[in-house]
Amino acid sequence: MKQMLRKALFILVLLVAPVAELCAATGKWEVFSVRGVDYVRLDDVWSFYRFSKREGRPGFISYGAGDRTVSLRPSKQDFYVNNYRYILSYPVISENGMLLISTIDMSKLVDPVLRPRLTKSGKITTVVLDPGHGGHDSGAVSRYAREKDCNLALGLKVRRKLEAAGFKVVMTRDKDFFLTLGERVAIANRTPDCIFVSLHHNSGGSSASGIETFTLAPHGTTSPFARTRRTEDLAGNNQDSENIALATAVHSHSIKKTGAIDRGIQRARFSVLCTIKRPAILFEGGFVTNQQEGSKISSDNYQDILAQCICDGIVRYTYNTRHRPSSYRRGGSGSVRAGSSLHSGYVPHARGTSLR
Ligand SMILES: [Zn+2]
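What you see is a predicted model, and the numbers here were worked out from it, not measured in a lab. (Residues numbered from 1 in each chain as written. Predicted model: local features only at pLDDT ≥ 70, side-chain atom pairs only at ≥ 80, totals over all residues.)

K.L.:
Give a description of the packing of helix α3 (residues 103–114) against helix α6 (residues 240–258) that names residues and reports values.
P.N.:
Two numbers describe how α3 lies on α6: the axes approach to 9 Å, and their chain directions differ by 55°. As judged from the angle between their axes, α3 and α6 are oblique. Where α3 crosses over α6, the handedness of that crossing is right-handed. Of the residues in α6, those in contact with K108, L109, P112 and V113 of α3 are D240, S241, I244, A245 and T248. (Axes fitted to C-alpha atoms, helices over the stretch in contact; angles between N-to-C directions. Helix = DSSP H or I, 4+ residues; strand = E, 2+ residues; numbered from the N terminus. Parallel < 35°, antiparallel > 145°, perpendicular 65-115°, else oblique. Left-handed = near helix turned anticlockwise from the far one by under 90°. Contact = placed C-beta atoms within 7 Å.)

K.L.:
Go over helix α4 (residues 147–164) with me, naming the residues and quoting the values.
P.N.:
Look at α4: 26 Å from first C-alpha to last across 18 residues, which is about the 26 Å you get at 1.5 Å a residue. Within the sequence span of α4, burial applies to E147, K148, D149, C150, N151, L152, A153, L154, G155, V158, R159 and L162. Count one or two residues on from α4 and you reach G166, which has phi positive near 100°. (Expected span 1.5 Å × (residues − 1). Buried ≥ 20, exposed ≤ 12 C-beta atoms within 10 Å, placed from the backbone.)

K.L.:
Outline the packing of α6 against helix α9 (residues 300–322), supporting the account with residue identities and numerical values.
P.N.:
α9 packs onto α6 with a crossing angle of 145° between their chain directions and a minimal axis gap of 8 Å. Crossing of α6 against α9: the hand is right-handed. Contacts between α6 and α9 pair A245, L246, A249, V250, H253, S254, K257 and T258 from the former with I305, L306, C309, I310, D312, G313, I314, R316 and Y317 from the latter. Of the residues belonging to the contact of α6 with α9, the class tally is ten nonpolar, four polar and three charged. (Nonpolar A, V, L, I, M, F, W, Y, C, P; charged D, E, K, R; others polar.)

K.L.:
If you had to explain the pairing of strand β16 (residues 280–287) to someone new, which residues and values would you point to?
P.N.:
Here β16 lies mainly inside the structure; eight of its eight residues are buried. Note: strand β13 (residues 194–202) against β16, six bridges, orientation parallel. Each bridged residue has a counterpart across the sheet, and for N202 the counterpart in β16 is F287. Sheet topology note: the strand β14 (residues 211–216)/β16 ladder contains three bridges and is antiparallel. Within β16, the position partnered with F214 by the bridge is L282. (Pairing = 2+ DSSP bridges.)

What follows is the structure, encoded as structure tokens:
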């Protein structure tokens, strides 16, 4: 048990369930510190959610209950819930015959996604749409498409659909001009009761394709997409759970309706995500550098489909965050919550969205 030092509290907070039911779940979780990261046993996770083993993705370990299946694999960070892909902050590890998942992933990703309705959120009346780049900054460019044009065309279509659905919409840009990242964030931060959706398209090798959605990396975790040299700056924000819920809603609608390759809901410290004080995502709608996808994302018809996916995802997110049932009994009882001494950046997760 080298380096596996600590038996600390990974507290189950009793919210809705009777005590007997809570005890029947797990009662207390053992936390193991491995190379500076806190983990819990996956066996305890399955027990808590009352999941049993089932057939799932080839090469993955799959557990689930009812219409919900979770799949993951040792040494990897990809994590699936009902076939939608997430990227964990830390790989699942195997120590002394036990499979372990980090407590930060449990409290910031797994539990808010599996039990979204245990959470709370403020009212949302407005969507700030941020078509990336503009003016002299074209973003990704290929012979098939120019990112700034695709971002703007998609944003204008999303605006029309959101307004038809009853939202107020603020565009950071509605024409081809340049804004700094700070100006984009400032617009959102001074807009009350809003969420922030930054719209981008990707570049990569000619075969790279698919949709990916970014949310801010949780406090204290590193990210492969830091885009900052301040390695000491690993701050999170107060919207972790709203961020992951919004990402889940928009991303899952988009993957389901377009059939695009699912590159996952990922963590990043992009500038627009770091300083935002509203629930926020950065959505990458496809690769301008891929011949087939580049042609699609610059077409009016596909932009219309993608815009509808984004609008539907936002509607789903706000619908779920408006409703907080007095008791919610799917999965295990109580709430997975890290003790403050273990996770200074922990924020109780907020109301989210379902995967269905
Ligand atoms: Zn971009």
